[in-house]
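# Structural overview
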Amino acid sequence: MTDLVVLGFSDREKAEAVMRLSKELSKQELLDLEDAAVAWRTTDGKIHVHQSFSPTAAGAAGGALWGSLLGLLFLMPVFGAAVGAATGAVAGKLTDVGVNDQFVKEVANQLEPGRAAVFALVRHSTPDRVRDALRPFEPTVLRTNLTKEREEELVAALQG
């Protein structure tokens, strides 16, 4: 089962630094994310979202591969790759995997201007090491699907 954790940050730079940190923690096998996203609100109130996983790009790549293979059967690999990529991209665009896009937008709309949030679907982690790595960024827990006890433990650990 995956756990959803949404952490708030004072600015976009801290949130993006945490996204980079999550990749480093993944390389160290301390954190396994199913999906992650960062959202921020500019000082003029506009919402921006950056997903770490793009189903559109993945669909296009997969579609191009399968299209090329099918195109080889009909002696038109380039045409097959183009059609496959377009079809895969459309299928990927219509697929919502990982963190729900609507949920990200709802939470992002509640951010104060200038603030940011990181959304993480965590498959597995080494909690003490991950919390220690996050603490310098001074995150606040905005939302989780953890039990009340585990959420309180997370909040206390992140506050030091």
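Above this text sits the structure in question.
Here is a short report on the structure shown in this document. As the structure is a computational prediction, the values presented were derived from the model and not from experiment.

For the rest of this paragraph, the subject is the packing of helix α1 (residues 12–27) against helix α5 (residues 127–134). Packing of α1 against α5 brings their axes to within 11 Å, and their N-to-C directions diverge by 150 degrees. Judged by the angle between their axes, α1 and α5 are roughly antiparallel. Like other packed secondary-structure pairs, α1 and α5 cross with a definite hand, here right-handed. Taking contact as the criterion, the partners of V18, L21 and L25 in α1 are, on α5, V130, A133 and L134. When its residues are assigned to classes, the contact of α1 with α5 shows 6 nonpolar, no polar and no charged.

Here 5 strands make up an open sheet; going across it, the order is β3-β2-β4-β1-β5 and the pairing antiparallel. Strand pairing shows two members of the sheet lacking a second neighbour, β3 (47–51) and β5 (140–144), which therefore form its edges. Put simply, the sheet's adjacent strands are angled 20 degrees from each other on average, direction ignored. Direction of pairing for strand β2 (residues 31–41) relative to strand β4 (residues 116–125): antiparallel, over a ladder of 9 bridges. Bridge pairing links L33 to V122 in β4. Seen against the sheet, α1 touches β1 (3–9), β2 and β4 and runs at an angle of roughly 170 degrees to β2. The sheet contacts of helix α6 (residues 148–158) involve β1 and β5, and relative to β5 the element is tilted by about 160 degrees.

A complete count under the given rule lists 1 aromatic pair for this structure. Ring centres of F103 and F119 lie 6.0 Å apart, and the angle between their planes is 85 degrees; this geometry places the pair in the edge-to-face category. One end of the pair, F103, is in helix α4 (residues 101–109); the other, F119, is in strand β4, with 16 residues separating them in the sequence. F119 matches F103 in its accessibility class, with the two residues each being buried.

The next point concerns α6. Taken as a whole, α6 has its buried residues at L154, A157 and L158. Mapping the buried residues of α6 onto a view down its axis gives an arc of 95 degrees, with all of them on the same face. For α6, the exposed residues set more than 90 degrees away from the buried face come down to K148 and E149. The inward-facing, buried residues of α6 abut β1, α5 and β5. At the C-terminal side of α6, G160 shows a positive phi close to 95 degrees.

About the thresholds
- Residues numbered from 1 in each chain as written.
- Predicted model: local features only at pLDDT ≥ 70, side-chain atom pairs only at ≥ 80, totals over all residues.
- Heavy atoms only, no water.
- Axes fitted to C-alpha atoms, helices over the stretch in contact; angles between N-to-C directions.
- Helix = DSSP H or I, 4+ residues; strand = E, 2+ residues; numbered from the N terminus.
- Parallel < 35°, antiparallel > 145°, perpendicular 65-115°, else oblique.
- Left-handed = near helix turned anticlockwise from the far one by under 90°.
- Contact = heavy atoms within 4.5 Å.
- Nonpolar A, V, L, I, M, F, W, Y, C, P; charged D, E, K, R; others polar.
- Pairing = 2+ DSSP bridges.
- Phe/Tyr/Trp six-rings, centres within 6.5 Å; stacked < 30°, edge-to-face > 60°.
- Buried < 20%, exposed > 50% of the residue type's maximum accessible area, 1.4 Å probe, protein only.
- Arc of directions from axis to C-beta.

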